[in-house]
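Structural characterization, general
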Amino acid sequence: MINIHHPSLALALVLVATGAHAQSTPAPAAPAPAAAAAPATAAPSSPAKKELIQRLLKLQQSGIERLATAMTEEPAVLLVERASVVIAANVPKERQEALSKEMQADVQKYLKDTVPQVRKSAQQLAPSTIGAVLENKFSEEELRQVVAVMESPAYAKYQQLSGEMQQALQAKLVGDTRATVEPRVQALEKTLGDRLRVATQASAPTTKPAAPAKPAK
């Protein structure tokens, strides 16, 4: 099977799943405007507000880059999954490992060439997208409060330790659920393998047996 050795591959899968869920969930209908309620409007822009937005965009730079990386990896993840199925079902076993390594190199080249470009584009688009939402939906005081939280040492420490906390949970979760998950994964692997073999055999061309020779007169 092909493996992509890339640090944010797992994140890509999580974001893909999250994005698919968000797209499949219809947005709630907007409530009818109340006659007495005045529409909420953001405070007029000011140099101070624009400076706060720039600080927030800088604080969010790593998150923007992770999003761009995940979006770039998504098609590679899907292609690898499809290729792995085809390799397992149709390629001779003695050729599978070498072919997987060749395709893995192709995927790594794609990521190396493409991820930096998508990250750069994401950073260029951030002011006109994320920045525009911040400009229209937040007041200067609200932005000041958000910046204060994100720039606080406590929040920085929390962000720094988030990976360690996730790894601790993951390690315990794997150990706690291994006995339940592993047999089911093996059963699923066998079921999928059986289906692939049956489908491959059914689609293989059949050769008609040769007709028996007529006896000599």
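Before reading further, recall that the structure is shown in the block above.
Residues numbered from 1 in each chain as written. Predicted model: local features only at pLDDT ≥ 70, side-chain atom pairs only at ≥ 80, totals over all residues. Heavy atoms only, no water.

What about the pattern of salt bridges?
Taken as a whole, this structure holds 9 salt bridges when the rule is applied. Residues glutamate 51 and arginine 55 are paired through a salt bridge, measuring 3.5 Å at the closest nitrogen-oxygen approach. Of this pair, glutamate 51 and arginine 55 are both found in helix α2 (residues 47–59), 4 residues apart, which corresponds to roughly one turn of the helix. For glutamate 51, a relative accessible area of 39% translates into the label partly exposed. Taking the shortest distance from any N to any O, the salt bridge between arginine 55 and glutamate 151 comes out at 2.7 Å. Placement of the pair is arginine 55 in helix α2 and glutamate 151 in the loop between α5 (140–150) and α6 (153–203), with a sequence separation of 96 residues. Given the relative accessible area of 29%, arginine 55 is considered partly exposed. For glutamate 151, a relative accessible area of 41% puts it in the partly exposed group. (Salt bridge = Lys/Arg side-chain N within 4 Å of Asp/Glu carboxyl O. Helix = DSSP H or I, 4+ residues; strand = E, 2+ residues; numbered from the N terminus. Buried < 20%, exposed > 50% of the residue type's maximum accessible area, 1.4 Å probe, protein only.)

Quick look at the nonpolar core
Core analysis: the biggest nonpolar cluster contains 12 residues, these being Leu52, Ile53, Leu56, Leu57, Ile64, Ala68, Ala122, Ala126, Leu134, Leu143, Val147 and Met150. Elements supplying a minimum of two residues to this core: α2, α3 (61–90), α4 (93–137) and α5. Among the elements that line this core, the one with the most residues is α2, at 4 residues. In contact with alanine 68, not counting residues within four places along its chain, are Val118, Arg119 and Ala122. (Core = buried A, V, L, I, M, F, W, Y, C linked by side-chain atoms within 4.5 Å. Contact = heavy atoms within 4.5 Å.)

A closer look at the environment of valine 86
Relative to the helices and strands, valine 86 is located in helix α3. On the accessibility criterion, valine 86 (46% relative accessible area) is partly exposed.

Some thoughts on a nonpolar patch on the surface
A cluster of nonpolar side chains, Tyr158, Leu161 and Met165, forms an exposed patch at the surface whose accessible area comes to about 290 Å². Tracing the backbone through its elements, the reader meets leucine 161 in helix α6. (Patch = residues over 30% accessible without salt bridge, like charges linked within 9 Å, V, L, I, M, F, W, Y side chains within 5 Å. Areas by Shrake-Rupley, 256 points an atom, 1.4 Å probe, with all protein chains shown as cover.)

Brief notes about α3
For α3, built from 30 residues, the straight-helix expectation of 44 Å at 1.5 Å per residue is met to within 8% by its first-to-last C-alpha distance of 44 Å. Largest kink in α3: about 30°, centred on glutamate 73, with the proline proline 75 one to four residues after it. Among all positions in α3, only Ile64, Ala68, Thr69, Ala70, Thr72, Glu73, Ala76, Val77, Val80, Ala83, Ser84 and Ile87 are buried. (Expected span 1.5 Å × (residues − 1). Bend = angle between axes of the 7 residues up to and from the residue.)

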